[in-house]
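Below are the chains, spelled out letter by letter.
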Amino acid sequence: MATKKTGRTAAAKTAEVKVTETQKADTKAADTKATAAAVKKAETKTAEAKKAEKKPAAKKASKPARKPAAKKEMKVNAYVEYREKQVEDKTIIADVKKAWTKSGGKIGDIKTMDLYIKPEEDAVYYVINGTEKGSVAF
């Protein structure tokens, strides 16, 4: 019977065995790390579950009620038109405030302002704070 030569030397076989042992050691270390990570993750979940059990149910139910959203103010632009003349409400209010300050009043003193717009008379009559009366041109 003839012997077969594999062409590998003893040094190559030893190196192959060492590589295999190193791979096994690396695999074992990786498995150990993965197992340790899985154990740590499980312990964390268990700890969280215990904390959740310790909290009384009253705290969960005592969440403050959600506040309703604040209502947004509606933006309004008002215009008075008469005989090809158009005047915005803001302009009328500004004119009344000017007249009020010219007569010696202060803007901060105004609590209420009632306006009576009479375009046929070309006038805006006003009553401030229910007592002070006056008029401005339309």
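Residues numbered from 1 in each chain as written. Predicted model: local features only at pLDDT ≥ 70, side-chain atom pairs only at ≥ 80, totals over all residues. Heavy atoms only, no water.

1. Regarding the pairing of strand S1 (residues 79–82)
Reasoning step 1: Bridge count between S1 and strand S2 (residues 85–88): four bridges; the pairing is antiparallel. Of the residues in S2, the one forming a bridge with Glu-81 is Gln-86.
Reasoning step 2: Taking the residues that link successive antiparallel strands as the turn, the S1-S2 hairpin has two residues, and the phi of Arg-83 there is positive, at about 45 degrees. (Pairing = 2+ DSSP bridges. Helix = DSSP H or I, 4+ residues; strand = E, 2+ residues; numbered from the N terminus.)

2. A few points about the pairing of strand S3 (residues 113–118)
Reasoning step 1: In this structure, S3 lies alongside strand S4 (residues 123–128), joined through six bridges in antiparallel fashion. Note that in S4 the partner of Met-113 across the bridge is Ile-128.
Reasoning step 2: In this structure, the hairpin formed by S3 and S4 is closed by a connection of four residues, where Asp-122 is found at a positive phi of approximately 55 degrees.

3. Thoughts on the pattern of salt bridges
Reasoning step 1: Within the structure shown, the criterion is met by two salt bridges.
Reasoning step 2: Asp-122 serves as the salt-bridge partner of Lys-85, at 3.4 Å between the closest nitrogen and oxygen. One end of the pair, Lys-85, is in strand S2; the other, Asp-122, is in the loop between S3 and S4, with 37 residues separating them in the sequence.
Reasoning step 3: Lys-85 sits in the partly exposed class, given a relative accessible area of 32%.
Reasoning step 4: Asp-122 gets classed as partly exposed once you look at its relative accessible area, which sits at 40%.
Reasoning step 5: Note that Glu-121 and Lys-118 form a salt bridge whose closest N and O atoms lie 3.1 Å from each other.
Reasoning step 6: The exposure class assigned to Glu-121 is partly exposed, which follows from its relative accessible area of 42%. (Salt bridge = Lys/Arg side-chain N within 4 Å of Asp/Glu carboxyl O. Buried < 20%, exposed > 50% of the residue type's maximum accessible area, 1.4 Å probe, protein only.)

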